[in-house]
Amino acid sequence: MKHIISVLVENESGVLSRVAGLFSARGFNIESLTVAPVDDGKQSRITLVTIGNDQIVEQITKQLNKLIPVIRVANLNERAHVERELMLVKVAAEQENRAEVLRIADIFRSRVIDATTSSFIIEVTGNSRKLDACYNLLQPLGVVEMVRTGKVAMSRGEKGLEKR
Amino acid sequence: MKLTGAEIIVKCLQELNAKTVFGYPGGSVLNIYDEIYKCDTLTHVLTRHEQGAVHAADGYARATGEVGVVLVTSGPGATNAVTGLATAHMDSIPMVCLSGQVPSALIGNDAFQEADTVGITRSCTKHNYLVKDVTQLARVIREAFYIARTGRPGPVLVDIPKDVTSNVADYEDMGGKVDIPSYKPKVRGHRRQIARAYDYLVRAERPMIYTGGGVILANASKELATFAHIIGAPLTSTLMGLGGFPASDTQFVGMLGMHGTYEANMGVSRCDLLIAIGARFDDRVTGKIDEFAPDAKIIHIDVDPTSISKNVTVDLPVVGDIKHVLKELNHQLENSEFDKQKQDYTAWWSEIDAWRKRDCLAFPQSDDVIQPQYVIQQLHELTKGESILVTDVGQHQMWAAQYYPQEAPRRWLTSGGLGTMGYGLPAAMGAKMAFPDEPVVLVSGEGSFQMNIQEMATLMQYNLPIKIAIINNNFLGMVRQWQEFFYESRYAESDMTFTPDFIKLAQAYSATGFRASKPSEVGPTIKKALETEGTVIMDFRVNREANVYPMVPAGAALNQMILL
Ligand SMILES: Cc1cc2nc3c(=O)[nH]c(=O)nc-3n(C[C@H](O)[C@H](O)[C@H](O)COP(=O)(O)OP(=O)(O)OC[C@H]3O[C@@H](n4cnc5c(N)ncnc54)[C@H](O)[C@@H]3O)c2cc1C
Ligand SMILES: Cc1ncc(C[n+]2csc(CCOP(=O)(O)OP(=O)(O)O)c2C)c(N)n1
């Protein structure tokens, strides 16, 4: 089963390789991983998606907690949460396809962020299923490349990971 | 006070009460060596190989409970240290390794003697640092010592570029104080969990205590003895936990696991409550995991949450330091009606005693060929069991565990988790360095001994006399045993057809060598060695194809032992 894990770490050099190295060394899976500094840049927040049964995911969270620069770990599957992902898709579209591309973009409430006479870049945000659906519709129209950020997620309600 | 990085390192070592450094110099650490030269409170031991330095610091740490300190140069110095770090990491031994690094400006340029030391050692240390700024140096060294010895101990490496050792920064003695917000190991066990342990204990009809290296690391032997005596249950220990509870105590049923005793393994397989204390359910201990302690509820006391329910699901975890948790638990047991409420264990003990009668460690004596087990028994008898006993890895290690019963902690030094051949000689050296007045005996195999044989020179240079018993079967015996049992005796590359003449070898190092080839020579050889001053190598030509029994084949259930 897929689990979304939020990890708050000290923003120091090498911390990402410690986290990634833990997964490879112990044979855990990483499906996606996003990371960026938060607050004043002293800390970073990692969101990672992993696959495993309850026992494996319990080990993953314990092992993450054991890393010295890790401040807090939360398995978001254990609580109500929201998740979002961002995707950019470049479509090579000329004449007859251009209207169709724009229509699909509109259906998914996405934005065109670059346009040339022969191409568009569409930005889509949402949950992963929405991104998949949008991509599947654009694909036959001539997708050149696409990139996704991987999930970011947050628990609902007033409590946060950074300050308890 | 403005000091250079090298001066700060030495000041910090003094501040942290480090007295002995094991190391090997090279270009990137010359500034540090120059300060060590000027310092008269630090003793430096120049080993003959960096691996030797790390194992020596490890032996020092195991024998004393203090943090072992190592200093190596960049590149090959650091890579040579890796096996030692991995050994310490697997057995949770507190250690700080300082490694030199090429100047900051050259890092990443494939500079002379550059290695990505932090990258290479990431997975074989508890934590590691690259210090890029001299103003951070003192903080990092203090943190390294703190992390090494607290929580679940382990080795910490600090990689220091050469320019950082010559740059200057302010230094102030902080008495070792640190503040690491993201690292707060749990010491006290959860109150409610400890209270629940009481309920489990009261209900158990066949309780069994299973202790490990954590008892030694936590210095909790006294608390363990109190606990065990209140409960009155049989107690078994892992290889790493030997000495945590006196082997002569009637409640002790010996080691468990692959080469554990019949009574210990049968006991674990039959018990209805297993109380695991500072042990990590290693696969050498559990055998087939689905059939490990199948009827038991399990209580597990451990400071490291990742040890809990990693291999075997635990019913009642208590995360905390053993010393604190057992004190609390003992307090509860002593201030309650436990004695009256607990079940009657008479039937349980008669089962245990019946297994004991199998006398699984009995072995056939012979008049013309030396049995390796007999050598260990004689060593035990003639040292009155009072020596610090260090081993290498292989059959001789298991026999030493079985036939040299341990009465007290920190006197049994062995590489369990990584099983590093070549650990013994340097580790014995480290122990002798820590306790110059205590007898130190190394039990080694001719294979293992040759892996760090160069440290003989270090022993001589620093006048660290130890007695070395080589259980010489001219085989990589443990490998040969597996080949005999599981590969139809095809002894692929386990036959050491040539080994050096260990007597002459001893002489080459200005030490003494004795050989025993007949059982009648064993006792006299050991006596002579103990009476001889200085380091002595005893070369025991033993039964070449003796096996370690009992043995649980890999993957079999614990109660499926091959017995002699
Ligand atoms: C050839 C060979 C054969 C072997 N055969 C056997 C065998 O038959 N039987 C056997 O037992 N072993 C055997 N071993 C050793 C085995 O590989 C493991 O090293 C050993 O079983 C692990 O011991 P342990 O569970 O006590 O764990 P250790 O590695 O000693 O771990 C200690 C545990 O205690 C915890 N801890 C540390 N400090 C504290 C504290 N202050 N408070 C609370 N908890 C703490 C740690 O988190 C950890 O979980 C063999 C090794 C070799 C090389
Ligand atoms: C560095 C290293 N290499 C290989 C092994 C695998 N191994 C385990 S025991 C053993 C044989 C050890 O032989 P020896 O030291 O002669 O001891 P004996 O088993 O004969 O008592 C080997 C090769 C190991 N444990 N460590």
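This is a predicted model, so every value here is computed, not measured.

An account of the overall build of chain B is requested, with residue identities and associated values reported.
Across its full length, chain B carries 23 helices and 20 strands. The C-alpha radius of gyration computed for chain B amounts to 24 Å, which stays within 12% of the reference 24 Å derived for 564 residues, consistent with globular compactness. Taking the principal axes of the C-alpha coordinates as reference, chain B spans close to 70 × 60 × 40 Å. Put simply, chain B has 564 residues, and 60% of those count as buried. Of the accessible surface of chain B, which amounts to about 21,600 Å², a share of 50% is contributed by carbon and sulfur atoms.

I'd like to hear about the domain arrangement of chain A, residue by residue, with values.
Partitioning chain A into structural domains gives domain 1 (2–79) and domain 2 (82–148). Its C-alpha centre places domain 1 of chain A at a distance of 30 Å from the equivalent point of domain 2 of chain A.

Please give an account of the sheet that holds strand E2 (residues 20–23) of chain B that cites residues and values.
Residues and elements named next belong to chain B. The parallel open sheet is built from 6 strands, whose spatial order is E3-E2-E4-E5-E7-E6. The open sheet is flanked by strand E3 (43–46) and strand E6 (127–130), the only strands paired with a single partner. For this sheet, the mean angle separating the axes of adjacent strands, direction not counted, is 20°. Here E2 pairs with E3 via 4 bridges, running parallel. Residue Val21 lies in a different strand from E3, and its bridge partner there is His44. Its contacts with the sheet place helix H2 (residues 30–38) against E2, E3 and strand E4 (68–72), and it is angled at close to 130° to E4. Strands in contact with helix H6 (residues 134–149) are E4, strand E5 (95–101), E6 and strand E7 (155–161); relative to E7, the strand with the most contacts, it is inclined by about 165°.

For the confidence of the model for chain B, give the residues involved together with the corresponding values.
Looking at chain B as a whole, the pLDDT averages 97, with 100% of positions reaching at least 70. Model confidence for the complex is summarised by a pTM of 0.96, with the ipTM given as 0.90.

Tell me about the site of ligand 2, and name the residues and values.
Residue and element names in this part refer to chain B. Near ligand 2 there are 17 residues, and of these Gln395, His396, Gly419, Ser448 and Gly477 occur at the shortest range. Between ligand 2 and Asn473, the relevant distance is 3.0 Å, taken from an oxygen atom to a side-chain nitrogen or oxygen of the residue. Between ligand 2 and Gly477, the relevant distance is 2.8 Å, taken from an oxygen atom to a main-chain nitrogen or oxygen of the residue. Considering ligand 2 on its own, with 590 Å² of exposed area, one finds that the protein chains cover 76% of that surface. Counting residues per element, the ones that place at least two in the shell around ligand 2 are helix H17 (395–403), helix H19 (446–449) and helix H21 (477–486).

With reference to specific residues and values, describe the packing of helix H3 (residues 50–64) of chain B against helix H18 (residues 424–434) of chain B.
All names here are of chain B. Contact geometry of H3 with H18 gives a least axis separation of 6 Å together with a crossing angle of 50°. The angle between the axes of H3 and H18 places the two elements in the oblique class. Crossing angle aside, the handedness with which H3 passes H18 is right-handed. The segment H3 lies against H18, with Gly52, His55, Ala56, Gly59, Tyr60, Ala63 and Thr64 engaging Pro426, Ala427, Met429, Gly430, Ala431, Met433 and Ala434. Per-class residue counts for the contact of H3 with H18 are 9 nonpolar, 5 polar and no charged.

Quick one: what's the story with the domain arrangement of chain B, residue by residue and with numbers?
Residue and element names in this part refer to chain B. Taken as a whole, chain B is organised into domain 1 (2–170), domain 2 (191–356) and domain 3 (372–541). Distance from the C-alpha centre of domain 1 to the C-alpha centre of domain 3: 29 Å. Facing 26 residues of domain 1, the contacting portion of domain 3 comprises 26 residues. For the pair domain 1 and domain 3, the summed buried area comes to about 2,000 Å², and 65% of that belongs to carbon and sulfur atoms.

Tell me what's going on with the interface of chain B and chain A, and back it up with residues and numbers.
Counting from both sides, the interface comprises 17 residues of chain B and, opposite them, 14 residues of chain A. Buried area between chain B and chain A, summed over both chains or domains, comes out near 1,300 Å², and the portion from carbon and sulfur atoms is 49%. Area buried by chain B at its contact with chain A is led by B:Arg122, B:Ser182 and B:Thr306, which between them contribute 41% of it. There are 1 salt bridge connecting chain B and chain A. A salt bridge links B:Asp304 to A:Lys66, with the nearest nitrogen and oxygen atoms 2.7 Å apart. Linking chain B with chain A are 10 residue pairs in polar contact (both at pLDDT 80 or more), by the criterion used here.

Residue-level account of the environment of B:Ala508, with values.
Relative to the helices and strands, B:Ala508 resides in helix H22 (residues 502–508). Considered as a pair, B:Ala508 and B:Leu563 are 55 residues apart in the sequence and their alpha carbons are 42 Å apart.

I'd like to hear about the packing of aromatic side chains, residue by residue, with values.
Residues and elements named next belong to chain B. Scanning the model with the defined rule gives 14 aromatic pairs over all chains in all. Pairing Phe363 with Tyr403 gives two aromatic rings, centres 5.7 Å apart and planes at 85°, and the pair type is edge-to-face. Pair noted here: Phe363 is in the loop between helix H15 (346–356) and helix H16 (372–382) and Tyr403 is in helix H17, with a separation of 40 residues, a long-range link. Ring centres of Phe485 and Phe486 lie 5.9 Å apart, and the angle between their planes is 85°; this geometry places the pair in the edge-to-face category. You can call Phe486 partly exposed: its relative accessible area is 36%. In textbook terms, an aromatic cluster arises when at least three aromatic residues are bridged by ring pairs, as seen for Trp482, Phe485, Phe486 and Tyr549. The side chain of Arg203 reaches across the aromatic face of Tyr200, ending 5.9 Å from its centre. It is Arg544 that lies over the ring of Phe475; its NZ or CZ is 4.0 Å from the centre.

Account for the site of ligand 1, naming residues and giving values.
All names here are of chain B. The local shell around ligand 1 holds 36 residues, among which Gly213, Thr238, Asp302, Ser307 and Asp321 are the closest. Measuring from an oxygen atom of ligand 1, one finds a backbone N or O atom of Met258 at 3.1 Å. Contact distances for ligand 1 include 2.7 Å between an oxygen atom and a side-chain N or O atom of Arg280. Alone, ligand 1 offers 1,000 Å² of accessible surface; in the complex the protein occludes 97% of this. Those elements that provide at least two residues to the shell around ligand 1 are helix H9 (213–217), helix H12 (283–286) and H17. Broken down by element, the shell around ligand 1 gets its largest block of residues, 3 residues, from H9. Counted by class, the shell around ligand 1 contains 15 nonpolar, 14 polar and 7 charged residues.

Each value, and the rule that gives it
Residues numbered from 1 in each chain as written. Chains lettered and ligands numbered in written order. Predicted model: local features only at pLDDT ≥ 70, side-chain atom pairs only at ≥ 80, totals over all residues. Heavy atoms only, no water. Helix = DSSP H or I, 4+ residues; strand = E, 2+ residues; numbered from the N terminus. Rg over C-alpha atoms; globule rule 2.2 N^0.38 Å. Buried < 20%, exposed > 50% of the residue type's maximum accessible area, 1.4 Å probe, protein only. Areas by Shrake-Rupley, 256 points an atom, 1.4 Å probe, with all protein chains shown as cover. Domains from an automatic or database assignment. Pairing = 2+ DSSP bridges. Axes fitted to C-alpha atoms, helices over the stretch in contact; angles between N-to-C directions. Contact = heavy atoms within 4.5 Å. pLDDT = per-residue confidence, 0-100. Near = heavy atom within 4 Å. Polar contact = N/O pair within 3.5 Å; in protein donor to acceptor, adjacent residues only side chain to side chain. Parallel < 35°, antiparallel > 145°, perpendicular 65-115°, else oblique. Left-handed = near helix turned anticlockwise from the far one by under 90°. Nonpolar A, V, L, I, M, F, W, Y, C, P; charged D, E, K, R; others polar. Buried area = accessible area lost by both parts, 1.4 Å probe. Salt bridge = Lys/Arg side-chain N within 4 Å of Asp/Glu carboxyl O. Phe/Tyr/Trp six-rings, centres within 6.5 Å; stacked < 30°, edge-to-face > 60°. Lys NZ or Arg CZ within 6 Å of the ring centre and 35° of its normal.

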